[in-house]
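Descriptive structure summary
The lines below spell out each chain.
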Amino acid sequence: MNFKKLAPWNWFKEEESTTTLPIKHTGQVVLPRKPPYGPIAQLQQEMDQLFDNFFKGFAQGPVGTGSFFPGSLSDNLLKPTLDIGATEKEYTISIEVPGVEEKDVTLEIADNTLTIKGEKEQEREEKEKHYYRMERSYGSFQRLLSLPEDADQDAIKATFKNGVVTITMPRKALPQSEVKQIKIK
Amino acid sequence: MSEKTDIIKRETTVPEYSSQIPAIRPVVDIYENEDELLLFADMPGVAKENISVTVDNGKLVISGVRNLHRPGTVTQEEFSDVKFHRTFSVPQTIDVAKVNAEMKNGVLRLHLPKSEAAKPRQIKIA
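Bringing the overall build of chain A into the picture now. Counting its regular elements, chain A contains three helices and eight strands. When the helices and strands of chain A are listed from N to C terminus, the series reads α-α-α-β-β-β-β-β-β-β-β. The 185 residues of chain A split such that 31% are buried. For chain A, restricting intrachain contacts to residue pairs at least 6 apart in sequence, the fraction spanning at least 24 positions comes to 59%.

Take the overall build of chain B next. Of regular secondary structure, chain B possesses zero helices and nine strands. Counted from the first residue to the last, chain B has its helices and strands arranged as β-β-β-β-β-β-β-β-β. A burial count over chain B gives 40% of its 126 residues as buried. Taking as baseline every contact in chain B between residues at least 6 positions apart, the subset at least 24 positions apart corresponds to 50%. Entry remark: accessible area of chain B is about 8200 Å², with carbon and sulfur atoms responsible for 50%.

What follows deals with the environment of A:Trp9. Residue and element names in this part refer to chain A. Mapping tryptophan 9 onto the fold places it in the loop between α1 (3-6) and α2 (13-18). Residue tryptophan 9 is classed as partly exposed on the basis of its relative accessible area, which comes to 34%. In this structure, the C-alpha to C-alpha distance between tryptophan 9 and glutamate 149, residues 140 residues apart in sequence, is 9.3 Å. Look past the residues within four positions of tryptophan 9 in its chain and what remains in contact with it is Ser146, Leu147, Pro148 and Glu149.

Contacts between the two partners involve 45 residues from chain A, matched on the other side by 42 residues from chain B. Where chain A abuts chain B, roughly 3700 Å² becomes buried across the two surfaces, and 48% of that area is made up of carbon and sulfur atoms. Considering only the side of chain A, the residues that lose the most area to chain B are A:Asp83, A:Arg136 and A:Asn162, jointly responsible for 16% of the buried surface there. Here chain A is connected to chain B by seven salt bridges. For B:Lys104, the salt bridge identified is with A:Glu101, shortest N-O distance 2.9 Å. Where chain A meets chain B, there are 21 residue pairs in polar contact (both at pLDDT 80 or more). For the side of chain A that touches chain B, the secondary-structure elements that each account for two or more residues are β1 (82-86), β2 (90-96) and β5 (130-134) of chain A. By residue class, the composition of the side of chain A that touches chain B is 18 nonpolar, 13 polar and 14 charged. Looking at chain direction, β1(A) and strand β6 (residues 73-77) of chain B are connected through four bridges and run antiparallel. Within β6(B), the residue paired with A:Asp83 across the bridge is B:Glu77.

Quick look at the pattern of salt bridges now. Any two side chains of opposite charge can pair, on the condition that their charged atoms come close. Here the structure, examined in full by the defined rule, presents 13 salt bridges over all chains. One salt bridge in this structure joins A:Lys117 and A:Glu108, with 3.8 Å as the shortest N-O distance. Between A:Arg171 and A:Asp150 there is a salt bridge; the shortest N-O distance is 3.0 Å. Pair noted here: A:Arg171 is in the segment after β8 (164-170) and A:Asp150 is in the loop between β6 (139-146) and β7 (157-161), with a separation of 21 residues, a long-range link. Residue classification places A:Asp150 among the buried residues on the basis of a relative accessible area of 13%. It is possible to trace a salt-bridge network through shared partners that takes in A:Lys120, A:Arg136, B:Asp29 and B:Asp42.

Residue and element names in this part refer to chain A. Relative to β8, β2 is paired through seven bridges, and the arrangement is antiparallel. Looking at β8, one finds that glutamate 96 is bridged to valine 164. Pairing of β7 with β8 involves five bridges; the strand directions are antiparallel. Bridge pairing in β8 links lysine 157 to threonine 168. Counting the residues in the hairpin turn of β7 and β8 gives two residues, including asparagine 162, whose phi is positive at 50°.

Sheet strands associate in pairs through backbone hydrogen bonding, adopting either a parallel or an antiparallel arrangement. The strand order across the open sheet formed by five strands is β5(A)-β2(B)-β3(B)-β9(B)-β8(B), and the pairing between neighbours is antiparallel. Each having just a single partner strand, β5 of chain A together with β8 (100-104) of chain B make up the two edges of the open sheet. For this sheet, the mean inter-axis angle between neighbouring strands, taken without regard to orientation, is 15°. Both strand β2 (residues 28-32) of chain B and strand β3 (residues 36-42) of chain B contribute to a ladder of five bridges, which runs antiparallel. Directly across from B:Val28, in β3(B), lies its bridge partner B:Ala41.

What counts and how
- Residues numbered from 1 in each chain as written.
- Chains lettered and ligands numbered in written order.
- Predicted model: local features only at pLDDT ≥ 70, side-chain atom pairs only at ≥ 80, totals over all residues.
- Heavy atoms only, no water.
- Helix = DSSP H or I, 4+ residues; strand = E, 2+ residues; numbered from the N terminus.
- Buried < 20%, exposed > 50% of the residue type's maximum accessible area, 1.4 Å probe, protein only.
- Contact = heavy atoms within 4.5 Å.
- Areas by Shrake-Rupley, 256 points an atom, 1.4 Å probe, with all protein chains shown as cover.
- Buried area = accessible area lost by both parts, 1.4 Å probe.
- Salt bridge = Lys/Arg side-chain N within 4 Å of Asp/Glu carboxyl O.
- Polar contact = N/O pair within 3.5 Å; in protein donor to acceptor, adjacent residues only side chain to side chain.
- Nonpolar A, V, L, I, M, F, W, Y, C, P; charged D, E, K, R; others polar.
- Pairing = 2+ DSSP bridges.
- Axes fitted to C-alpha atoms, helices over the stretch in contact; angles between N-to-C directions.

Written out as structure tokens, the structure is:
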């Protein structure tokens, strides 16, 4: 059995490393944290980290709440929600970007990282006089995805329909790692 | 067995929609200008034919069902099949007959024109 196939690929390796920005404590004086001494202090720091990580994930919002751009509170870039699916033959990534023009979405691949970015512009239509509700978010958005080894980067296709970008990536057969026999002299 | 059922009585026990998929409120922007009220609702992934907009008795109901046909296993899910549903009260001044809607890039755009009587009028002094 090929266990490597079962292991979930970490698509968000890149994203996690870039979002480790200093946490803003608004309206609160942050004292420079002393390096922890002793096991108790260390444990406390670990607990703090655990909580931070938990709430970081929490900001993503529960599945299917439809809250567009959930991670938008923590930093300036909006983070549209995305789904990743996989079949034997290909990977499918869909991203929710309502109200974004096709030309305003850019997909880039560099160093095995797929960057989906763009700009959601506010509709400027007819002399809008005043507003009653402003619930939708506007601005730049970006998502980073680390591509798995078996994704065929040359055959990526993307479609745009009803405000959802769907990216399909064929999976290629990985070359078998060469087995080297070492002779015992 | 004689069972009288009033044809115009609404069956309250039977849900109107299947509750298989979660229902959520789409986020909206609402603007007003001299001629009309403008409503934008984010409903990504909903096909045009799966949207319904009704204005009845001063109540505007927008709803849409998102059916994402995704093959294979889903390894990461941040959004899923949902039913968008939201109700608004619209003022009497709206000309219901002239309401029109369009769908573009997953955004429902509703134009609710004001009736002629409600528009601001300049009265000339003779």
